Amino acid sequence: MFRTALRNVLAHKGRLLMTVLAVMLGTAFVAGTLVFSDTFGNALRTQNSKSYTDIAVTVSDREAAGRAFGHGDEATTGPTLTEETRRKVAALPGAAEARGVVSGFAGIADRKGALIGNGFSTTGTNYVPGADGTDPRYPLVEGRGPKDATEIALDAKTADKGGYKVGDTVRVAVNGPVMQLKLTGTLRTNDPRVVAGGSLAAFDTATAQQLYLTPGRFAELDVKAQPGTDDAALLAAVQQAVPQGDSIEAKTGRELADQQDEMIRKGTTVLTTFLMVFAAIALFVGIFIIANTFSMLVAQRTKELALLRAIGATRRQITRSVLVEALLVGLTASVTGLLAGIGIAVGLKSLLNGPMDANLPDGPLIVAPGTVLASLAVGVLVTVLAAWLPARRASRIAPVAAMSSAEQPATQKGLLVRNTIGLLFSLAGAGALAAGVGGKEVKLVVAGAGALLIGVFVLTPLLSRPLITLIAPLLRALYGAPGKLAKENAIRNPRRTAATASALTIGVTLITSLTVIGASVNQAVDKATATDLKADYTVAMQNFSALSPEIATQIAKAPGVSAISAEREVSVKTGQNEDDSEWLTAVDAATIDQLATVKVTEGSADALKQGKLLVSSGRAEKAGYKVGDTLAVTYPDGVKGSLTVGGILEANTALANVVAPEAVVGPHARPGSGLQKVLVKGSDGATPELKQALRDASGGNPLIAVKGQKEIREENRSMITGLLNMMYGLLGMSVVIAVLGVVNTMAMSVFERRREIGMLRAVGLDRLGIRRMVRLESLLIALFGGLVGVALGILVAWAGVRTMADSLKDITTVVPPVQTACYLLA
């Protein structure tokens, strides 16, 4: 029986080609994902380990680090790391040196004033020269390090991007006006943020402290050990030498490297899981093709299998024979898919580091044993499992069937059971969708959508005949006899048509649902921006760090400005526990109604002018706030007070959950606490002159973004479009596999209908008519699968959109007809 299975695989290798391709593509997706994730993760860990090579112990001040990166304030509530602390640590037995570190954001402008790199990886730090005037952490490429507040050094890549040479004047800014500093040198660094495409600006230590902290203060101390010193013993000595406080923490370099490795592992796991979802979809689509192929092969070999039964083969042997064929097909496809996946990983890395300029870290290609085993196991298991039902069907062929080569029709009992199961799944899915929409439960909607899809897939043989019959008259009217024959062929075997169409339905369903959800969200965000935001421009940091309060003062003086309101986030305690707190967004009560739509469902729209709070409807429902409620609060400066809820806001994207008047909350904010953004209204509306005036008022800081309503809408749209395009690309594999399924079904159908096609030729149908008949049959199958997919996609998207009603104001289901039609035509 094994020899029989091997002979059948070799004899039908042409008919199995599309099945091999389908499994190969799915396996290649899995292998490529695992190889790329392992290679990327290993390169990041290697690069990370280099960052801690010479560090035995690190002491960090979390409060200082938060402030340096724009998330803190000038007030110091505990002990700090000072120059005195650094000297004390450096003098410890076993310590070779202690380096004081100060770092934060620093935006570098090119010669046109645009930011080099992105706002999140624009790093500024201090340059610490040794006795020879160089800093071993940042080796010089050219020139020298900075010595005073008028000088700066840049990493070599950033200098090249900006077209700067040693001696040029560089425009750089932190969170305030731009500074013009002399470039004294260019550096090399293995900082992951810079290697990944960010920028590095190095200041002398005193200047960095002035910019990010306060004179003499460090955010971190990096201790280098003398040869032979035990890191744990040095850590214990350092812990005794540094100030004790909640924000001060000492760890060995190895511990920090391990923590970073764990973060990298979690990050690559998220990436792998995300990609594996799409690989699973591709493999799931492949199951339909595999099952369909083996079902057709079993049907075509009915006489042969019955003859085997007649000469003594048992049902179990027949089942095993078909499964061995599937095993051989799966193994061949899996090995090919593994090799293709390795190639995909190499190509993806080259693409990201080449045309896309993603600056991924260098490292060897990692093909782990687990990747090889997983890829082979997935391909083989999917193929064997998909072939199990056809194998079972083959074992039920009676020996008497050797007298006929016709395919055995499905029994009425089998059809009844199948349709009952499909109906139950569909009803359960529809019920879960309805419940999820009513309760706005995303998980329930996802479960309902899955159950409904399965139910429809099971019911597709029942649905295929009426739907194809509905489309067929048009083909018959346009193409005559070939159109009629195509319709009869398509509905001749509903199971086969359904299996082929279902593979296509999956991809079309997912693409349609994503398209509809994307269009719905885009429209809702556009409407919210137009109705909720009255301001002509918003001014904020590109990296979402805090904006200097001085910027708001300068903006208020800018020509053409009629009203502004700075937004400042302040956390107040509302109870004894640390978790008992509320974030307030302080605004100018006198002008906010000119800059945002203030519409309340309860209470007064003038609550802010009365010194009271406005709370969003969502936050009020979650926290149980009602108009008139009084909150006993403790402000950041320790002063106790009370705040009254004066109104419940209608859902509004321009205002925060809890809005407070700046006049009440501002005096209690910690000194130097930054602003989240500034809303600006122009006396003549949004004009290019006003936008330039706002840029001038911000000192030309490349990190500060001035955006109008149109730019905000375009930015939101580009984010959603980018995400959709990425998902379309990942789903493309499943659509390709589904198309291979259509090709496979049609090719095998032509093979088994050779005698019938010859008879059609004999009675007068020409070669063009034969070709047209096959093409139209393919069209009917694709239309059937596509239309069912579009309908399901719109239904699933509708349910998903309804769950967003609380988070996106006035969101409605939008079906873009042109896009949807184009995807179907494709």
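Residues numbered from 1 in each chain as written. Predicted model: local features only at pLDDT ≥ 70, side-chain atom pairs only at ≥ 80, totals over all residues. Heavy atoms only, no water.

*Asks:* Mind showing me how you'd approach the overall build of the protein here?
*Replies:* Helix and strand content of the protein: 26 helices and 24 strands. Expressed along its principal axes, the backbone C-alpha trace of the protein runs to roughly 100 × 70 × 50 Å. Taking all 826 residues of the protein together, the buried fraction comes to 48%. For the protein, contacts bridging at least 24 residues in sequence account for 80% of all contacts bridging at least 6. Of the accessible surface of the protein, which amounts to about 38100 Å², a share of 60% is contributed by carbon and sulfur atoms. (Helix = DSSP H or I, 4+ residues; strand = E, 2+ residues; numbered from the N terminus. Buried < 20%, exposed > 50% of the residue type's maximum accessible area, 1.4 Å probe, protein only. Contact = heavy atoms within 4.5 Å. Areas by Shrake-Rupley, 256 points an atom, 1.4 Å probe, with all protein chains shown as cover.)

*Asks:* How do you make sense of the environment of I366 when you look at a structure like this?
*Replies:* Counting through the fold element by element, I366 comes out in the loop between helix 11 (315-353) and helix 12 (369-386). We classify I366 as partly exposed; its relative accessible area is 26%. Sequence-wise, I366 and Y728 are 362 residues apart; in three dimensions their C-alpha atoms are separated by 28 Å. Filtering out sequence-adjacent residues up to four positions away, I366 remains in contact with V35, D38, T39 and N42.

*Asks:* Explain the pairing of strand 19 (residues 613-616) here, please?
*Replies:* For a regular strand, side chains alternate in direction, first toward one face of the sheet and then toward the other. Burial along strand 19 is two-sided: the face carrying L613 and V615 and the face carrying L614 and S616 are both buried. The sheet contact formed by strand 19 and strand 21 (residues 640-649) spans 4 bridges and is parallel. By the bridge assignment for strand 21, L613 is matched with V645. Across 2 bridges, strand 19 lies against strand 22 (residues 658-661) in antiparallel orientation. Counted as the bridge partner of L614 is V659 from strand 22. (Pairing = 2+ DSSP bridges.)

*Asks:* I keep staring at a nonpolar patch on the surface and nothing clicks. Help me out?
*Replies:* Together, V417, I421, F425 and I454 line one region of the surface with nonpolar side chains, adding up to about 310 Å² of accessible area. Sorting elements by how many residues they give to the nonpolar patch places helix 14 (residues 412-439) first, with 3 residues. Along the chain, F425 turns up in helix 14. (Patch = residues over 30% accessible without salt bridge, like charges linked within 9 Å, V, L, I, M, F, W, Y side chains within 5 Å. Salt bridge = Lys/Arg side-chain N within 4 Å of Asp/Glu carboxyl O.)

*Asks:* Help me out: how do you make sense of the confidence of the model for the protein in this one?
*Replies:* The predicted coordinates of low-pLDDT regions are not to be read in fine detail. In the predicted model, the protein carries a mean pLDDT of 87, and the fraction of residues at 70 or more is 95%. When mean pLDDT is taken per element in the protein, strand 8 (residues 151-155) scores highest with 95 and helix 3 (residues 62-68) scores lowest with 71. (pLDDT = per-residue confidence, 0-100.)

*Asks:* Teacher, can you tell me more about a positive patch on the surface here?
*Replies:* The grouping of R761, R767, R771, R772 and R775 at the surface amounts to a positive patch. The element that contributes the greatest number of residues to the positive patch is helix 25 (residues 767-803), accounting for 4 residues. Among the structural elements, R772 can be located in helix 25. (Lys, Arg positive; Asp, Glu negative; His and termini not counted. Charge placed at Lys NZ, Arg CZ, Asp CG, Glu CD.)

*Asks:* Hey, could you run me through the packing of aromatic side chains in this one?
*Replies:* Any aromatic ring pair is given by two values, namely how distant the centres are and how the planes are angled relative to each other. All told, the structure shown has 7 aromatic pairs when counted by the stated rule. Aromatic pair F274 and F278: ring centres 5.3 Å apart, planes at 70°, arrangement edge-to-face. Linking F274 with F278, this pair stays in helix 9 (residues 253-300), spanning 4 residues, or about one helical turn. Of the residues examined, F274 reaches a relative accessible area of 28% and is grouped as partly exposed. Relative to F288, the ring of F284 lies with its centre 5.4 Å away and its plane at 80°, an arrangement referred to as edge-to-face. Remark: F288 and F284 occur in helix 9; sequence separation between them is 4 residues, near one turn of the helix. Classification of F284 as partly exposed rests on a relative accessible area of 35%. Among the aromatic residues, those joined into a ring-pair cluster are F284, F288 and F457. (Phe/Tyr/Trp six-rings, centres within 6.5 Å; stacked < 30°, edge-to-face > 60°.)

*Asks:* Explain helix 1 (residues 2-11) to me, please; I cannot follow it from the model alone.
*Replies:* An α-helix turns once per 3.6 residues; consequently, residues spaced three or four apart project the same way. Within the sequence span of helix 1, burial applies to T4, A5, N8 and V9. On an axial view of helix 1, the arc spanned by its buried residues comes to 135°, and they lie on one face. Looking at helix 1, the residues exposed on the side facing more than 90 degrees away from the buried face are F2, R3, L10 and A11. In this structure, the buried residues of helix 1 make contact with helix 10 (302-310) and helix 11. (Arc of directions from axis to C-beta.)

*Asks:* What's the story with the packing of helix 16 (residues 481-492) against helix 25 in this structure? I'm lost.
*Replies:* Helices that pack against each other are described as a pair by the angle of their axes relative to one another and the distance between those axes. Relative orientation of the contacting elements helix 16 and helix 25 amounts to 45°, with a least axis distance of 8 Å. With respect to helix 25, the axis of helix 16 lies oblique. You can see that helix 16 and helix 25 cross each other, and the crossing is right-handed. Contacts from P482, G483, L485, A486, K487, N489 and A490 of helix 16 reach helix 25 at G769, R772, M773, L776, E777 and L780. When its residues are assigned to classes, the contact of helix 16 with helix 25 shows 7 nonpolar, 3 polar and 3 charged. (Axes fitted to C-alpha atoms, helices over the stretch in contact; angles between N-to-C directions. Parallel < 35°, antiparallel > 145°, perpendicular 65-115°, else oblique. Left-handed = near helix turned anticlockwise from the far one by under 90°. Nonpolar A, V, L, I, M, F, W, Y, C, P; charged D, E, K, R; others polar.)

*Asks:* What's the story with the nonpolar core in this structure? I'm lost.
*Replies:* Grouped burial of nonpolar side chains is what soluble globular proteins tend to show. One finds F278, F294, L305, I737 and L780 to be the most contacted residues of the largest nonpolar core, which totals 95 residues. No other element matches helix 9, which puts 14 residues into this core. If sequence neighbours within four positions are ignored, F278 has contacts with F29, M727, L730 and L731. (Core = buried A, V, L, I, M, F, W, Y, C linked by side-chain atoms within 4.5 Å.)

*Asks:* For this particular structure, what's the right way to read the sheet that holds strand 14 (residues 248-252)?
*Replies:* One key point about sheets: their strands pair by backbone hydrogen bonds, in either a parallel or an antiparallel sense. Taken in spatial order, the 4 strands of this open sheet run 3-13-1-14, and their pairing is antiparallel. Strand pairing shows two members of the sheet lacking a second neighbour, strand 3 (95-101) and strand 14, which therefore form its edges. Neighbour to neighbour, the strand axes of the sheet diverge by 15° on average, direction disregarded. Here strand 1 (residues 57-61) pairs with strand 14 via 5 bridges, running antiparallel. Looking at the pairing, T58 lines up with K251 of strand 14. Where helix 9 meets the sheet, its contacts fall on strand 1 and strand 14, and the angle it forms with strand 14 comes to roughly 90°.

*Asks:* Please explain the packing of helix 9 against helix 13 (residues 388-395) as it appears in this structure.
*Replies:* In contact at an axis separation of 8 Å, helix 9 and helix 13 are set at 15° when each is read in the N-to-C sense. In terms of orientation, helix 9 and helix 13 fall into the roughly parallel class. Along this stretch, helix 9 crosses helix 13, giving a crossing that reads as right-handed. Contacts between helix 9 and helix 13 involve A291, F294, S295 and V298 on the former and, on the latter, P390, R393 and A394.

*Asks:* I keep staring at the pairing of strand 23 (residues 677-682) and nothing clicks. Help me out?
*Replies:* Of the strand pairs in this sheet, strand 15 (residues 537-541) and strand 23 are connected by 3 bridges, and their pairing is antiparallel. Note on strand 23: the bridge partner recorded for T538 is L679.

*Asks:* What am I meant to see in the side chain of T745 here?
*Replies:* By the element assignment, T745 lies in helix 23 (residues 709-752). In this view, T745 contacts N292, M296, R496 and T500; residues no more than four positions away in its chain are not counted.

*Asks:* What's the story with the pattern of salt bridges in this structure? I'm lost.
*Replies:* Overall, the coordinates contain 25 salt bridges when judged by the stated rule. Of the charged contacts, one joins E304 and R7 as a salt bridge, the two residues approaching to 3.1 Å between their closest N and O atoms. Pair noted here: E304 is in helix 10 and R7 is in helix 1, with a separation of 297 residues, a long-range link. Given the relative accessible area of 26%, E304 is considered partly exposed. Here R301 ties to E304 by a salt bridge, and the two come within 3.8 Å at their closest N and O atoms. We classify R301 as buried; its relative accessible area is 6%. Where salt bridges share partners, they join R7, R301, E304 and E325 into one cluster.

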